[in-house]
Each structure stands twice: as structure tokens, then as C-alpha cells.
Amino acid sequence: MSSYITIGPFQLLLAALLVVINIALSLRLRLDLERSLAVASARMVVQLLLIGYLLQWVFAIENIAWILGLALLMTVIASASAVGRTQRRYRNIWWNSFVSIFGASVLVTLVGISGIVQVDPWYKPQYLFPLLGMVLGNTLNGISLALDRFLEEIATHRHRVESLLALGATRWEAVHEVLREAARTGMIPTINSMMVMGIVSLPGMMTGQILAGADPVDAVHYQIVIVFMIASASALGIIGVLLLAYSAVFNNRHQLHVERIRRVEN
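Source: prediction; values computed, not measured.

A look at unusual backbone geometry
1) Next: Going from Asp 120 to Pro 121, the amide bond is cis rather than trans, its omega being 0°.
2) Next: The topology assignment puts Pro 121 in the loop between helix H4 (93-117) and helix H5 (125-156).
3) Next: One non-glycine residue, Arg 30, lies in positive phi territory at about 55°.
4) Next: Its place among the elements puts Arg 30 in the loop between helix H1 (9-29) and helix H2 (34-61).
5) Next: Since its relative accessible area comes to 73%, Arg 30 is described here as exposed.
6) Next: A positive phi angle is found at His 254, which is not glycine, with a value near 60°.
7) Next: On the secondary structure map, His 254 appears in the loop between helix H9 (216-249) and strand S2 (262-263).

Below is the structure:
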């Protein structure tokens, strides 16, 4: 029978001391990180507690409308977070981010739940939210990195792109190298993680299942599935958002509109 050790408020306070040590070091060394650490820690605790109680309630009622509504809310927040990390933006970047994350994450998660894990019903929250959450988190990171790299390269090296266009290159030919490097940048975290998984690091889903008492081999099987889902969703989301960004800064006459890109302070 599976069993696990319950963590109570006292253990959480002990864990918080680890962050307090970091804050003290920042103060002592004048790193100016104490405020960021404190705010990030507080936000993380509040958000996780809220989602924990919310999921507990959703698990109990198993109402498809509430389940899908919460899944949509998670997707909206993920798309906003992806854009929030970029230094340069254009008019429809928020919508493009949502479309890319929604399309990639929903498609891959549905395939994973219905076709691979074969959950019945497919919207069972015990499986839907953990899998969708991991896919969304990694996809938004990839999209954010790729978007930031693409827009920064276009804005910084506009003269090179315009020179290629003036010499007769199509908009795709002029920017293909930039798109490729942006896509590579977005996929680097996922690929690097896959390279060392199981040797250097034990991933979160696998660790959580083992701590909950699952058989280690079964936990590994689940982890392999979710990693492939993450890699697929990240690639689809990155390609989708880059193509949308590419269409936003070029017109059909192969002209670059760099004035559509603006720099923001995060």
C-alpha cells in the first residue's frame, strides 16, 4: 500500500529558513537580491496554497466546466507570463503568445492523456492538471526565450536584414537565420534538461511519485512520457509564436517594419 510522509506547517517554516539564509547573505554581501527573494518566496507560497485548495475542491466535484475553466485560466496566465519576460514587444504579441501556447499545450496534453496514458474520462483532474501544468510551464519558458531573441536580433541588426531585402532576398531568406537561432535558443533548456535527466538530476514528477510511494519503474515511465510531451509542446509553441512574430514585423511586400517593435522595461 502506498504511503507518504505528510508535511505540516512546522516543516514548512523550517524550509523557509533556507530562503531566510539566502536573504541574510544578500544583505551581508550587499547583493540587492533580498527584496526579490522575499517577494518571489511570498508569491510562490500564496499561489501554491491557493492552487492546492482549489485543486482539492475541483478534484472533489469533478465538474467538467470547472475543470476546463481552470485549465483555460492556467493557459491565459502562462501566455501572459511568457510575454512578461520579453524586453521587446509588438502590438499583437499577447494574442500570439496565447494562440501558440494554447494550441501546442492543449494538443500535446490531449494526445498524452487520451492516446498515451489513456485516462478515462480524459478530463480527470488528477491527471489533467499536473500534466498540463508541466507542459505549460516549459512551453512558456521556451516561447519567452525564443521571442526575446528574435525581436532583439531584428531590432539590433535591422540594417543587415534590410540590406538583404534590398539585394533581392525575400523576407523569409532575410530572416531565416534569425528565426533558426531564436528557435534554438528557445529549445536549449529542454534539450539540456533531457541530456542529464536521470544521471545528474531526478525530475520533479518522478521524484514526487516516488515520494508518494509509487514504484520507481512506473515513475520513470510517466517521466519519459511527460518529457516527450514537454519537448513536443515546446517545439510547436516556439515555431508557432516565431512564425506569428515574423508575420507581424514583415508585410506581404517583403518590407521590414521595425517601428512596430518597442522596447519595454520589465
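Let's talk about the packing of H4 against H5
1) Next: Two numbers describe how H4 lies on H5: the axes approach to 9 Å, and their chain directions differ by 145°. Of the two elements, H4 crosses H5, and the hand of that crossing is right-handed. Facing Ile 93, Ser 97, Ser 100, Ile 101, Ser 105, Thr 109, Ile 113 and Val 117 of H4, the residues of H5 in contact are Tyr 127, Leu 128, Leu 131, Leu 132, Val 135, Leu 136, Thr 139, Leu 140, Ile 143, Leu 147 and Leu 151.
2) Next: Within the contact of H4 with H5, the residues separate by chemical class into 14 nonpolar, five polar and no charged.

So, the side chain of Asn 251
1) Next: Along the chain, Asn 251 turns up in the loop between H9 and S2.
2) Next: Exposure remark for Asn 251: the relative accessible area of 13% places this residue in the buried category.
3) Next: Reaching out from Asn 251, the side chain makes a polar contact with the side chain of His 257 at a distance of 2.9 Å.
4) Next: If sequence neighbours within four positions are ignored, Asn 251 has contacts with Arg 171 and His 257.

Concerning H9
1) Next: Its 34 residues give H9 an end-to-end C-alpha distance of 49 Å, which sits within 8% of 50 Å, the value for a rise of 1.5 Å per residue.
2) Next: Of the residues flanking the start of H9, the one acting as N-cap is Asp 215, its side-chain oxygen 2.9 Å from the backbone nitrogen of Val 217.

Remarks on the pattern of salt bridges
Side chains that differ in charge, positive against negative, can pair when their charged atoms come close.
1) Next: In this structure the tally under the stated criterion is six salt bridges.
2) Next: Where Arg 88 meets Glu 152, a salt bridge forms, and the shortest distance between an N and an O atom there is 2.8 Å. Residue Arg 88 is found in strand S1 (residues 88-89), and its partner Glu 152 is found in helix H5; the two are separated by 64 residues along the sequence.
3) Next: Within this structure, Arg 88, Glu 152 and Arg 263 form a network of salt bridges that share partners.

Topic: the nonpolar core
1) Next: If you look at the biggest cluster of nonpolar residues, it comprises 51 residues, and the most contacted ones within it are Phe 150 and Ile 154.
2) Next: Listing elements by their share of this core, those giving two or more residues are H2, helix H3 (64-84), H4, H5, helix H6 (158-166), helix H7 (171-196) and H9.
3) Next: Sorting elements by how many residues they give to this core places H5 first, with 13 residues.
4) Next: Ile 154 has contacts with Val 161, Val 175, Val 178, Leu 256, Val 258 and Ile 261, leaving out every residue within four places of it along the chain.

Some words on the environment of Val 58
1) Next: On the secondary structure map, Val 58 appears in helix H2.
2) Next: Given a relative accessible area of 2%, Val 58 falls into the buried group.
3) Next: Separated by 12 residues in sequence, Val 58 and Leu 70 place their C-alpha atoms 9.0 Å apart.

Description of the packing of H3 against H5
1) Next: Between H3 and H5, whose axes approach to 9 Å, the crossing angle comes to 15°. Judged by the inter-axis angle, H3 sits roughly parallel to H5. The element H3 and its partner H5 pack so that their crossing is right-handed. Across from Ile 67, Leu 70, Ala 71, Met 74, Thr 75, Ala 78, Ser 81 and Ala 82 in H3, the residues of H5 making contact are Pro 125, Leu 128, Phe 129, Leu 132, Gly 133, Leu 136, Leu 140, Ile 143 and Ser 144.
2) Next: Per-class residue counts for the contact of H3 with H5 are 13 nonpolar, four polar and no charged.

Some thoughts on the packing of aromatic side chains
1) Next: Under the defined criterion, the tally for this structure stands at six aromatic pairs.
2) Next: With 5.6 Å between their ring centres and 90° between their planes, Trp 122 and Tyr 123 make a pair best called edge-to-face.
3) Next: Ring pairs connect the aromatic residues Trp 95, Phe 98 and Phe 102, which therefore count as one cluster.

Quick notes on the rules
Residues numbered from 1 in each chain as written. Predicted model: local features only at pLDDT ≥ 70, side-chain atom pairs only at ≥ 80, totals over all residues. Heavy atoms only, no water. Helix = DSSP H or I, 4+ residues; strand = E, 2+ residues; numbered from the N terminus. Buried < 20%, exposed > 50% of the residue type's maximum accessible area, 1.4 Å probe, protein only. Axes fitted to C-alpha atoms, helices over the stretch in contact; angles between N-to-C directions. Left-handed = near helix turned anticlockwise from the far one by under 90°. Contact = heavy atoms within 4.5 Å. Nonpolar A, V, L, I, M, F, W, Y, C, P; charged D, E, K, R; others polar. Polar contact = N/O pair within 3.5 Å; in protein donor to acceptor, adjacent residues only side chain to side chain. Expected span 1.5 Å × (residues − 1). Salt bridge = Lys/Arg side-chain N within 4 Å of Asp/Glu carboxyl O. Core = buried A, V, L, I, M, F, W, Y, C linked by side-chain atoms within 4.5 Å. Parallel < 35°, antiparallel > 145°, perpendicular 65-115°, else oblique. Phe/Tyr/Trp six-rings, centres within 6.5 Å; stacked < 30°, edge-to-face > 60°.

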